[in-house]
Every structure is written in C-alpha cells, then in structure tokens.
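# A structural walkthrough
Chain by chain, the residues run as shown.
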Amino acid sequence: MHLMYFTEQPMSAYDAQEGLKYGATALTFSNKHFDPVEGSRLYNQYLEEYIYAEECGADGIMLNEHHNAPFCMQAKANVFASILAAVTKRVKIVLLGNPLPLADNPIRLAEELAMIDMISKGRLVSGFVRGGGQEQLATGVNPAFNRERFQEAHDLIVKTWTQPGPFRWEGTHYQHRVVNPWAVPLQKPYPRVWIPGVLSKETVIWAAQHRYPYIALNTSIEATKVIWDLYDKVAEEAGYTAGPENRGYLIRVHVQDTEEKAVKNAKQFMWMQGEFTGLAHPVWANPAGYFSPSGRRGFVEFAVGRAKNPRGNPTFEEQRQNMMIVCGTPDQCIERLKTLMEATRPGIFGFWANDGNVSAEDSRNCIRLLCQEVMPAIREHGKKLGLKSPFEAEAPVSIDYSTDLRRAAAE
Amino acid sequence: MGGNIAWKEHAATVAGCGLHYMRAGSGRSLLVLHHDIGTVERLPFYDALAARFDVIVPHHPGWGRSERPAWLRHPRDIAAIYQWLLADLGVSDVCPVGLGFGGWIAAEMASLAPQRFRRLALLNPMGIKPPEGEIADQAILSYIAYPMLGFHDEAAFKRVYGDVSTDQLEAWDIAREMSFRTAWKPYMYSQTLPHLLGGVRAPALIVWGAENRIVPVSAGEAYRSALRDATLTVLPGAGHFIEMERPDESAKLVSDFAGAN
C-alpha cells in the first residue's frame, strides 16, 4: 500500500465569527481577515509537519490547492511541492492536484512539474483536478469549458512530457507556437498521474479510460463502492482489469493517546460548518456549465433552497458512525481503518489528519502516532488483503503504456 | 392591447444550428432579441409590438428551444447567425429591438452591416464597458436573485415569473451557461464594439431604466456617443428588464420610433 499524510493547510487564525456574520467563508469572504503574520507561522508549521511525517515513516505527502478561502492556505500546490522536493529525501510528493483548467499555459505547468520531478530525484506523483467551481470564479476561468480545458491541457502536458519538441499545438482552448520546454521529467515515460474526485461520474470514467488511479475523496463506503463498480466496468471495456492499484481513498483520521483528546480534535474537521470547502453559495461551488447536465434539475432546486444538499449534511457523530471520520487511539483507529480497507480495497490510502484549529503539539503527536503506530499495522493488513500500490504492482503509468490489454476490448 | 395576437412557432436551420423563433403581426419587421436570461413564450411587450409590426422573436442559439452550437463563442457569432436568418427570411425593412444582452447582439449586427437596418432600438443594451460603475456579475448571484436585481418593481417580477417554476430555474441555468460560453471575459462587453458603431447609418433609440442595477446608465451614454444618430431616453423608476416591468411605455417608445418614416 501507499500511505500518505495530508492536511488542507487550514488558515485557522481568523475570527470564525466574522465568517458566520458574513454568511460565507469562501470566494467573497474578505481577505482583510487574513493575517500574514499568522500565515507565515502556519506555513512554516505545516512545512515542519511534512518533514516530520517523512521522518516518522509516511510513504507520501499529499498536497492540493484552493483559492480565496481560509479552509486551505495553499494557493499553488507546486510551491510546497518544490520545497518538499528539496527538503525531503524519501517520500513521494503527491499532488492531488494541479487544477488544469485554471492554467492558461499548460506548458508552464509541464515545465514546473518536470523541475519538481528532477529536483526530488523522481519522487513526483502528478495528479490533476478540474478545480472546484469556486476556483474558476476566483481565477476568472470560464466554468462552462472546465472539462474541455481539463482534457485538452492533460493531452498537451502528456505530449510535452513524452514527445521531443519542438511541436506546434493548435487546440480548441490552447494554441502554442513552439512547444519545446527545456525541462522534461526524470521519470519515464512520465510521472504517475492520479485523479482525485468526489462527485462526477464523468471524471471516474475518464480516469478509468486512461488507467489512472482514481482517489475517492472521503466518500462514504457506499458511494465509494459505486465509484469502483463504474471504474471496473469502464476498465473492462478498455481491456484491462482494475485492482487495488487503481484505487485510492482519502479518509479524515485523527489519532491521539486518548480517545477523549482525539474526539475533541477531530471535531475540528467540522470547523467549516461541515463543508469541506467552506460556507459558500451553491452557485459558486457549481457555476453554470461546470456541473454535469444530468444533475441540473436537482441542483437548481438546491441552489434556491427548495431541496436539500444532494451530498447531505451529516453531523460529526453521523460521520463518525459511518466512518467518514475516524478518530481515537491508535488501536481504535487501526480497527476502523481495517474495516474501511476490507470494504473498499484501496492500494493508495491518504490520511487527512489535522484540520481547523488543532494545536501544533497535538498535530505533531497525531502525525507521530499515525505514521509510527497506525501506518505499520495498516501496511501489514494491506499485505494480507493483497492491496498493492501502483508502485508495488508496477502498474503502467497509463493505458497507452499498458502491455497487457485484451486486444478485442481495446480495439 | 394585443391579447388576441396569433403567434406562430417556426424552426429554421442556420449555420448548422436549429433555431426556434416565434412570429406574429404584419407590416415592417422587428427582430426582437431577448436578454441573457432568455425569454418566456409570451410577453405583453411582444403582443403590443405585434399589433403594429411583423415581430420575429428568436431564441438565441443555445438558449430556450434553440440548439446549442458547440463552437459558439461570442455575441458577434450570434449577430452573424441572425443576419443569415434575416437573409433566409427575405425581410428587408428591419428594425432590431435589442433587450439587454440582445441589445449587444443588435449593436454587433449593425456594426457588421452599417447600411442593413432602417432603424435600431436598444433597451438597456449590454456590450459596452460602462465608463462609470460595472455590469452586475450574475456568476456570484443565485438564479432568482439575478433576474430580481433587474427589476426595480418586485411586483413586476412576480407578474412575469410568479413563484418561479423549476422549469424556469433550469432554463435560467442553461441561459447562464450560454452567457458564460459567449460573454465570460470581458464579462458582458466588447472592447472593440464602441470603435465600430460609428459607421452605423440607422438612427438609434436607446432606452434606459434610471434604476437599472445590472448595467449602469453610463453605458447608455457611451452608446449614444459611439453611434452617429442616437437619442437616449431614461425612464425613471424602471430597471434593466424594462420591457417586462413597463411593457406599455416601452412598446410605445419602440413603436413610435420604429414606425416613423
């Protein structure tokens, strides 16, 4: 298994009352509530924690990015990835991921990622995402072309990584006269690409068609099984059989020496009123054209307050109950996580361990217990269950580099 | 006025795109171009115009019952589609009546063919960057909040949309998606249009709601300056969706203007 440490890098040092008063903690919630002195302290704290996670035995550090919101301080995943490339020695640097549609110049992304791959001596996992709806609004990118831009930017980056330049790119959303960046990735044919997601069927299908591992972001066990059923079906159609190496799962888990302390800190997972991406208007999270047209009718009713959130709004206790949040002592967490592994069989397991306003001391303690006590037990259990990571399974980077496709299906 | 107007539904194919339009009345032709939020099937404003003119009300490509061309990128594309439609219909004596976003399309049509129209009516047209103030961004407003912002009188909103059906909400989401596909950046204006309007020979009527919270009246003044023969009439106590809010006055202004020799 591949076991990763993750935090959203919460900008917890702002007055939560201000967000409640304003009614939103995203997009238009004023950045006057951001304190750069606290920001500096927290960025450095998070950096120390990543280094500590490596020392304690994590296989990977998972990074992401968001914009205009306190729930995540990372505005550019490649910045922390660059730092970690230099200051860590062993961990995989797993970007989940760069929001491709936000890039007006995907070649630049291809170059940055190639640099990170070389500086880290081949430790980059280059995940790609569509970016949340709010990210499109925060960065002025047309949400109606989000999926088209995602796919075209991906194709352009992969071509940039795998075919010698110069070449010309005359696409629908991207046109480039001379594609010929000097920096290319160390890993061949190119760094692994993993695709995280939570809702869109279209993304699951796209990931399976490319044979890229899909990382389910804290979905319920039932929803995760539905995702794997779809992935497996598309994989069969594409000519291969999907396994644990195609499956990743991110779980919120907080470990402490006592259950009481773990529960207290785990409640911080709800610090954004239970919304991962903060309090926001539904039309910010799903601007017109961003969402799957099949969900349009349900969504517009939700957006004007006539229907409940299709994702629901479970309480902390409910989420603990259905294992969307795991917390407790190492033994308690191991037991719960084993159940999750048996139910969803991932080869990649991400642990979203600290959120909101957890003290630096408790964060560190959580990382130590997670990496030194929980991860070894999970790794052992994974072996018993035959849950291999893409590295252990030596899985091909993508369908184009597969040598085991069943010909009839592939044609 | 106009309660018994017989509207007929029509279909046309232009640039590979199936277009839906309604048509009623006789006389000189008015091409009525709807807002960014699309249009309901019937409006007192349309009926009032059809009592005196041949009125053609298309659904913009991608909006309402017209098909979406995947390649469509700009209101200027829609303008070219409508020039094509007019050519196919064989109508010559035409006055475009552009409403908000439709006003932008009408202005693009006129700039593309400066001698094509006898007259040009623009009611709260988008399309020019307001020298003062900004065009309201529907992307951060909800489905009901945005149309409501365009009414000075909330009762008028209720009169047209009632409690707002789910079908209407869906239509607004589709309309919003099309607005993004055609006018995302710069949002709801063209940087080149003001420089191209000076060639238009047709006299232009520009009408503005004094309480327009979607496009500031400074954009109306910019239109008047850019066109060579234009008047700007500002109606007090009216908003952006002026033809729905004040149908009789709006129709009279347009009728008197379009009917004049």
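Residues numbered from 1 in each chain as written. Chains lettered and ligands numbered in written order. Predicted model: local features only at pLDDT ≥ 70, side-chain atom pairs only at ≥ 80, totals over all residues. Heavy atoms only, no water.

A separate point is the overall build of chain B. Looking only at helices and strands, chain B features 10 helices and eight strands. Expected size for 261 residues packed as a compact globule is a radius of gyration near 18 Å; at 16 Å, chain B falls within 12% of this value. For chain B, the spread of C-alpha atoms along the three principal axes comes to 40 × 40 × 40 Å. For chain B, the proportion of its 261 residues judged to be buried stands at 61%. (Helix = DSSP H or I, 4+ residues; strand = E, 2+ residues; numbered from the N terminus. Rg over C-alpha atoms; globule rule 2.2 N^0.38 Å. Buried < 20%, exposed > 50% of the residue type's maximum accessible area, 1.4 Å probe, protein only.)

Summed over all chains, the structure comprises 31 aromatic pairs over all chains. Aromatic pair Phe-299 of chain A and Phe-302 of chain A: ring centres 6.2 Å apart, planes at 65 degrees, arrangement edge-to-face. Placement of the pair is Phe-299 of chain A and Phe-302 of chain A together in helix α11 (residues 296-303), with a separation of three residues, close to one helical turn. Taking 6.4 Å as the distance between ring centres and 35 degrees as the angle between the ring planes, the aromatic pair formed by Phe-157 of chain B and Trp-172 of chain B counts as tilted. Here Phe-157 of chain B, found in helix α5 (residues 154-161), pairs with Trp-172 of chain B, found in helix α6 (residues 166-183); they are 15 residues apart in sequence, far enough to count as distant. Pair check on accessibility: Phe-157 of chain B and Trp-172 of chain B agree, each one buried. (Phe/Tyr/Trp six-rings, centres within 6.5 Å; stacked < 30°, edge-to-face > 60°.)

What follows is about a negative patch on the surface. Together, Asp-257, Asp-331, Glu-335 and Glu-373 of chain A make up a region of like negative charge exposed at the surface. Note that Asp-257 of chain A resides in the loop between β9 (247-255) and α9 (259-266). (Patch = residues over 30% accessible without salt bridge, like charges linked within 9 Å, V, L, I, M, F, W, Y side chains within 5 Å. Areas by Shrake-Rupley, 256 points an atom, 1.4 Å probe, with all protein chains shown as cover. Salt bridge = Lys/Arg side-chain N within 4 Å of Asp/Glu carboxyl O. Lys, Arg positive; Asp, Glu negative; His and termini not counted. Charge placed at Lys NZ, Arg CZ, Asp CG, Glu CD.)

This part takes up the packing of helix α7 (residues 201-210) of chain A against helix α8 (residues 221-238) of chain A. All names here are of chain A. Where α7 meets α8, the axes come as close as 8 Å, and the angle between the chain directions of the two elements is 40 degrees. Between α7 and α8, the interaxial angle falls into the category oblique. You can see that α7 and α8 cross each other, and the crossing is right-handed. Across the interface between the two elements, Lys-201, Val-204, Ile-205, Ala-207, Ala-208 and Gln-209 from α7 touch Ile-227, Leu-230, Tyr-231, Val-234 and Ala-235 from α8. A per-class count over the contact of α7 with α8 returns nine nonpolar, one polar and one charged. (Axes fitted to C-alpha atoms, helices over the stretch in contact; angles between N-to-C directions. Parallel < 35°, antiparallel > 145°, perpendicular 65-115°, else oblique. Left-handed = near helix turned anticlockwise from the far one by under 90°. Contact = heavy atoms within 4.5 Å. Nonpolar A, V, L, I, M, F, W, Y, C, P; charged D, E, K, R; others polar.)

A few words on the interface of chain B and chain A. Of the residues lining the interface, 23 residues belong to chain B; the matching set on chain A comes to 26 residues. When the two sides are added together, the surface that chain B and chain A hide from each other amounts to roughly 2100 Å², 57% of it contributed by carbon and sulfur. In terms of surface lost to chain A, no three residues of chain B exceed Tyr-143, Thr-166 and Trp-184 of chain B, which account for 26% of the buried area on that side. If you look at where chain B meets chain A, you find four salt bridges. Here chain B is connected to chain A by 11 residue pairs in polar contact (both at pLDDT 80 or more). Each residue belonging to the side of chain B that touches chain A can be placed in one class, and the counts come to 10 nonpolar, three polar and 10 charged. (Buried area = accessible area lost by both parts, 1.4 Å probe. Polar contact = N/O pair within 3.5 Å; in protein donor to acceptor, adjacent residues only side chain to side chain.)

One pass over the full model with this rule turns up 29 salt bridges over all chains. A salt bridge links Arg-320 of chain A to Glu-259 of chain A; its shortest N-O distance comes to 3.0 Å. Of this pair, Arg-320 of chain A sits in helix α12 (residues 316-321) while Glu-259 of chain A sits in helix α9, and the two are 61 residues apart along the sequence. What makes Glu-259 of chain A partly exposed here is its relative accessible area of 34%. The network of salt bridges with common partners includes Arg-296 of chain A together with Arg-68, Asp-173 and Glu-177 of chain B.

Before going further, it helps to examine the pairing of strand β11 (residues 348-354) of chain A. Residues and elements named next belong to chain A. The buried fraction of β11 is high, at seven of seven residues. Both β9 and β11 contribute to a ladder of five bridges, which runs parallel. Each residue of the ladder has a partner; that of Gly-248, found in β11, is Ile-348. (Pairing = 2+ DSSP bridges.)

With that settled, consider the nonpolar core. Residues and elements named next belong to chain B. Counting residues in hydrophobic clusters, the biggest one holds 111 residues, and the most contacted among them are Leu-30, Tyr-82, Val-97 and Leu-227. Here this core gets seven residues from one element, more than from any other, and that element is helix α3 (residues 101-112). Contact partners of Tyr-82, with chain neighbours within four places excluded, come to Leu-19, Leu-31, Leu-33, Pro-58, His-59, His-60, Pro-61, Ile-105 and Met-109. (Core = buried A, V, L, I, M, F, W, Y, C linked by side-chain atoms within 4.5 Å.)

Right, let's talk about the sheet that holds strand β5 (residues 94-99) of chain B for a bit. All names here are of chain B. Within the open sheet, the eight strands sit side by side as β1-β2-β4-β3-β5-β6-β7-β8. Their pairing is mixed. Of all strands in the sheet, those bounded by a partner on one side alone are β1 (8-14) and β8 (230-235). Strand-to-strand twist in this sheet, taken as the mean axis angle between neighbours without regard to direction, amounts to 20 degrees. Sheet topology places strand β3 (residues 29-33) next to strand β4 (residues 54-58); three bridges connect them, and they run parallel. From the neighbouring strand, Leu-30 faces β4, where its bridge partner is Val-55. Where helix α8 (residues 218-226) meets the sheet, its contacts fall on β6 (120-123), β7 (204-209) and β8, and the angle it forms with β7 comes to roughly 170 degrees.

Tracing the sequence through the fold places Arg-213 of chain B in the loop between β7 and α8. Within the structure, Arg-213 of chain B has its side chain in polar contact with the backbone oxygen of Leu-149 of chain B (distance 3.2 Å).

A cluster of nonpolar side chains, Met-115, Met-118, Ile-119 and Leu-186 of chain A, forms an exposed patch at the surface whose accessible area comes to about 370 Å². If you trace the backbone, Met-115 of chain A turns up in helix α4 (residues 106-119).

Our focus in this paragraph is unusual backbone geometry. Residues Lys-188 of chain A and Pro-189 of chain A are joined by a peptide bond in cis, for which omega reads 0 degrees. Here Pro-189 of chain A lies in the loop between β6 (175-179) and β7 (195-197). A cis amide bond links Lys-185 of chain B with the next residue in sequence, Pro-186 of chain B, at an omega value of -5 degrees. Positionally, Pro-186 of chain B belongs in the loop between α6 and α7 (193-196). Although it is not a glycine, Met-323 of chain A adopts a positive phi angle of roughly 65 degrees. By secondary structure assignment, the location of Met-323 of chain A is in the loop between α12 and β10 (325-328). The phi angle at Arg-345 of chain A is positive, at roughly 50 degrees, despite the residue not being glycine.

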